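Here's the letter readout for the chains.
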Amino acid sequence: YDIRMKENNLNRLRTLYPDEKRLAVYRGDICDERLMDDLFERERPEWICHMAARAGVRPSIQDPYVYIHSNIVGTTLLMELAHKYGVQTFVFASSSSVYGGSKSTFFSEEENVDNPVSPYAATKKACELLA
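Basis of the calculations
- Residues numbered from 1 in each chain as written.
- Predicted model: local features only at pLDDT ≥ 70, side-chain atom pairs only at ≥ 80, totals over all residues.
- Heavy atoms only, no water.
- Helix = DSSP H or I, 4+ residues; strand = E, 2+ residues; numbered from the N terminus.
- Expected span 1.5 Å × (residues − 1).
- Buried < 20%, exposed > 50% of the residue type's maximum accessible area, 1.4 Å probe, protein only.
- Pairing = 2+ DSSP bridges.
- Polar contact = N/O pair within 3.5 Å; in protein donor to acceptor, adjacent residues only side chain to side chain.
- Contact = heavy atoms within 4.5 Å.
- Phe/Tyr/Trp six-rings, centres within 6.5 Å; stacked < 30°, edge-to-face > 60°.
- Salt bridge = Lys/Arg side-chain N within 4 Å of Asp/Glu carboxyl O.

J.: Can you walk me through helix α4 (residues 64–84) in this structure?
T.: For an α-helix, 3.6 residues make a turn, and residues three or four places apart therefore share a direction. Across its 21 residues, α4 extends 29 Å between first and last C-alpha, which sits within 8% of the 30 Å expected from 1.5 Å per residue. Here α4 has its buried residues at Tyr-67, Ser-70, Asn-71, Gly-74, Thr-75, Leu-77, Leu-78, Met-79, Leu-81 and Ala-82. Positive backbone phi, approximately 65°, marks Gly-86, located one or two places after α4.

Given below as structure tokens:
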């Protein structure tokens with residue numbers, strides 16, 4: 001996604017929630033263990049809505065390692081920290097890409113999605129299984 005879209009969304013959130021106690025924003029790599037542990041230590045979150053991921057089906061075919069590292073390693077670290085710090089709720093945002101070549105018009109969590117068509121989809125499916 002274009003970084004400007006993300007910056008615009010962030011600016012909108014800051015306008016809606018100017019109190020830093022309500023909305024704290026950190027920039028960093030979710031795979032950076034020291035950064036993430038420090039953040040958890042400082043913030044002591046009660047719940048996590050995990051939407052951080054390297055996205056993109058086509059680029060994941062060209063460089064799958066980046067997707068494996070960012071998506072699987074990052075998600076695993078967040079789950080470990082959530083356990084360590086007693087997070088009550090962990091919500092993981094997956095992707096419709098896990099449905100791959102499904103012929104169904106409507107996606108269902110009961111649908112068999114064991115044949116991802118890209119490394120990106122495989123990482124998101126792996127994270128679903130880990131969560």
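J.: Any chance you could explain the pairing of strand β1 (residues 47–50) here in plain terms?
T.: Every second residue of β1 is oriented toward a common face, the buried set being Ile-48 and His-50 and the non-buried set Trp-47 and Cys-49. As paired strands, β1 and strand β2 (residues 89–92) are joined by four bridges and run parallel to one another. Paired with His-50 across the bridge in β2 is Phe-92.

J.: Please clarify how the side chain of Thr-75 should be interpreted in this entry.
T.: Mapped onto the elements of the fold, Thr-75 is located in helix α4. Under the relative-accessibility criterion, Thr-75 is labelled buried at 1%. Within the structure, the side chain of Thr-75 is placed 2.7 Å from the backbone oxygen of Asn-71, a separation counted as a polar contact.

J.: Would you mind showing me how to read unusual backbone geometry here?
T.: The phi torsion of most residues other than glycine is negative, and most of the peptide bonds are trans. Notably, Arg-44 is not glycine yet its phi reads approximately 50°, a positive angle. Take Arg-44: it is sitting in the loop between α2 (33–43) and β1. Judged by its relative accessible area of 46%, Arg-44 falls in the partly exposed class.

J.: When you look at the environment of Val-25 in this model, what are you seeing that I'm missing?
T.: Following the sequence through the fold, Val-25 ends up in the loop between α1 (3–16) and α2. Overall, Val-25 belongs to the partly exposed group, its relative accessible area being 35%. Through-space distance from the C-alpha of Val-25 to that of Leu-10 is 8.7 Å; in sequence the pair is 15 residues apart. Setting aside residues up to four positions removed in sequence, Val-25 forms contacts with Leu-10 and Arg-14.

J.: Is there a simple way to explain α1 in this structure?
T.: Along its 14 residues, α1 runs 20 Å from first to last C-alpha, staying within 8% of the 20 Å computed at 1.5 Å per residue. With one of 14 residues buried, α1 lies mostly on the surface of the structure.

J.: Just to check I follow, could you spell out the packing of aromatic side chains for this structure?
T.: Any two aromatic rings considered together are summarised by their centre-to-centre distance and by the angle between their planes. The tally for this structure, following the rule as stated, stands at one aromatic pair. Where Phe-40 meets Tyr-85, the ring centres are 5.7 Å apart and the plane angle is 40°; that geometry is what we call tilted. With Phe-40 in helix α2 and Tyr-85 in the loop between α4 and β2, this residue pair connects regions lying 45 residues apart in the sequence.

J.: Would you mind showing me how to read the pattern of salt bridges here?
T.: One pass over the full model with this rule turns up three salt bridges. Arg-27 serves as the salt-bridge partner of Glu-7, at 2.9 Å between the closest nitrogen and oxygen. In this pair, Glu-7 is assigned in helix α1 and Arg-27 in the loop between α1 and α2, connecting sequence segments 20 residues apart. On the accessibility criterion, Glu-7 (25% relative accessible area) is partly exposed. Here Lys-84 makes a salt bridge to Asp-37, at a shortest N to O gap of 3.0 Å. Taken together, the residues Lys-84 in helix α4 and Asp-37 in helix α2 connect sequence positions 47 residues apart. What makes Lys-84 exposed here is its relative accessible area of 55%.

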